[in-house]
Structure formats: C-alpha cells, structure tokens
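# Fold and geometry: a report
Chain by chain, the residues run as shown.
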Amino acid sequence: LQNRGPASPDIIGKLKDAELDCRKLLAATFGAKPEEVTLTGNTTTGLNTNLWSIDWKAGDELIIGDQEHPALLLPSYHLVRRFGVVLKLAPVGRPERVVDEVVSRLTPRTRLVAISHVSRGSGAVLPAAALAAALRTRGVRLLLDGAQGPGNVPVDFHALGCDYYSLCGHKWLLGPKGTGALLVREDARDATPPSWTGSGAQAAFDEAAQTSEFQPDGRRYEFATRFVAGLGGWHESLKWLGELGWDRIRARQAALSAYATAAIKAERRFELVSPEDPAQRNSIIVLRLPEGHKAADLYHRLHKEDNILTSPVSLPRDLRICLHFYNTEAEFDLVLARLRAY
C-alpha cells in the first residue's frame, strides 16, 4: 500500500491504522499504555530522543554501564564533548552488585542513568526494578537500552519501574530492520521535551502566529516520513509470537540456554562468560576462547566456512552465540565442534 499510492487519502488512512495497530500491540505485549509508546526506527533513536531531551550543563553527570553498545556510548561521548557532561561508568558484570555500584556514583549533579537491560557483552540481566526503585527515591531518572531485552527476557515496562525503555523490532522480536519503539512513562513525558521535530509531531499549529502544540502522548516524538510498511511487518511478527505463546517461547529458550551452559562448562578449553545461574540465564550465550585466539577471527571463519553467525563483543576473546526458540541443540553442538576444530 505504501508504495502503491502513499499520497492517496484512502491509503493514508490504512497506513495510520497500521501504526495504531502496532502501537497497541506493543503496549499490550510489554506492559505499557498505548499513549506511552513512541514508534521509532531503532533502539538508537529512542536513546538519543531521551539523552537530548535534557538541558545539560557543564559538570552534569551521566552514569552508564561498562558493557554498553556504541548506540549508547557514542551519544554519551558527544554529550561530553559538546556540553562538558561528566561520564561515569558503573560495573555491571555482577548483577547483584549493580544497584550499589550505581548508587555509590550518584551525586547532586547526576541527571540520568542510562544502562542496558541485558548486557550485549555477557548476557547479564540488570536488576532493573531494584535499580529503578533506588533511583526514584533519589530523584534520578532511568533509561534502559532494551536492544537485547524484549523477546529474550520478560519485559513489563510498568513492573520494571524505569522511566524510559528503548527497543528495536529486528532482533529477538523478528521484525523488519528500521523498526523500534521508545516507551516513556506518563509521569515523565512533560519533563522529556522533544529536541528535534517536524510534521506529524504536532497536535495543532498556527502558521500565521508561528506557534504549535505537541501531540499529548508518545506521538510528540514522531515526525516526518517513516517506514510504516515495516511497522505493519513488525505488528505481524509480534502477533505471530503471541500466537505461538510467550510462555512456550521462554520455556524453549530456557531449555536451550541450560543445554548450552552445561556444554560450555564441560569443555576444557572454553570458559563460560554468560550467567550460569538459572535465574539470570537467557538466550545470549558468551564463551571465552583460549589465549591466543580472537573472537573476531572466529566470527569471520565460522561465517565463511560454515555459514554460522556469531558475534564478537567488547573483550577480544569473548564470542557471543544467540539461541532463539527455533534453534536446536544439534546446531549448538555444531558450533562447539567447529570451534574445537579451529
């Protein structure tokens, strides 16, 4: 429809329906209200929407985790360069210590804590609800990078208690690239002004008076031409996952994770990096290669020679293997067999 006649009033209405359907299903799936959902193109856009909503002053502080993706690192570095923001890193390798590590770094100049819900480097799951509660009593807002969260671990926005949650559609949720969402708590919206805008973000505007009013909900951060066909595709993937049953999906993921964890623990040459505790385990499996081997080299070799997709992460010997519900134990056995051979 979008390609056939995007300017047609009939088709415009159908495209708006596709947006609305996706917004409603996202809210229902992840414990938010539809008006708390902003449709974006990726996780990074949501992170930037929040980071740039703050009126930063030199000396203001931003706390992030020490295992972050460039999607959060690069905007943070830019805030340091442009405004003189003080950037602090909190260790996240031991989830039971994260709340204390973050709280110990707070000062009256701390404006925001921005941190990954699930670490891309280790698969560790942040104790988000406990951290959100600790920060709320101290008047500090929490932004979660959810790129590795939804579809991998349970996500209930209101239960987590964070102020902001940015996610994407193309990873664990099996949607098209170019889809994402930012969840903004109702009581944080007015304190989170848009930093860039355009047509579509307005509830009303007066060209003669040169005034405008933003949309009263999450649509205030949405503007201009967007990938609505992708949002329609994302709606379909979310609907399909819901039909499969989230409990079934998570049970299968848990079984695969347990299998992979035990297999790595039984290996003589590989070290388990991802959590061993069943309460912490998820579909991100990270192993450490022996001395003298680089994960980036194995990533390329596995892809070229075996058509196996893995990912190197921040530490040079750490290799990430992602197991979704459709993977099999035999496929993981093959990965380990090829790593042994190489």
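Our subject is the structure that appears above.
The structure reproduced in this document is the subject of the present report. (Residues numbered from 1 in each chain as written. Predicted model: local features only at pLDDT ≥ 70, side-chain atom pairs only at ≥ 80, totals over all residues. Heavy atoms only, no water.)

### A short note on helix 5 (residues 128-136)
All of the buried residues along helix 5 are A128, L131, A132, A134 and L135. All buried residues of helix 5 project into a common sector of 165° when viewed along the axis, lining one side. (Buried < 20%, exposed > 50% of the residue type's maximum accessible area, 1.4 Å probe, protein only. Helix = DSSP H or I, 4+ residues; strand = E, 2+ residues; numbered from the N terminus. Arc of directions from axis to C-beta.)

### Examining the pattern of salt bridges
Under the counting rule described, the total for this entry stands at 27 salt bridges. Across the pair E19 and R226 runs a salt bridge, and its minimum N-O distance is 2.8 Å. Of the two residues, E19 is situated in helix 1 (residues 9-29) and R226 in the loop between strand 9 (211-214) and helix 7 (228-244); the sequence distance between them amounts to 207 residues. Given a relative accessible area of 15%, E19 falls into the buried group. What makes R226 partly exposed here is its relative accessible area of 23%. The salt bridge partner of R105 is E101, with a shortest N-O separation of 2.9 Å. One continuous salt-bridge network, built from bridges that share partners, spans E19, R23, E222 and R226. (Salt bridge = Lys/Arg side-chain N within 4 Å of Asp/Glu carboxyl O.)

### With respect to the nonpolar core
Core analysis: the biggest nonpolar cluster contains 47 residues, and L26, V102, L142, L144, Y165, L167 and W234 have the highest contact counts within it. Counting residues per element, this core draws most heavily on helix 5, which supplies 5 residues. Contacts of L167, omitting those with residues within four sequence positions, involve L26, F30, N42, T43, G146, P150, L173, G180, A181, L183 and W234. Judged by nonpolar contacts, the second largest core, of 21 residues, contains A260, A295, F332 and L336. (Core = buried A, V, L, I, M, F, W, Y, C linked by side-chain atoms within 4.5 Å. Contact = heavy atoms within 4.5 Å.)

The values are spatial; any link to function lies outside them.
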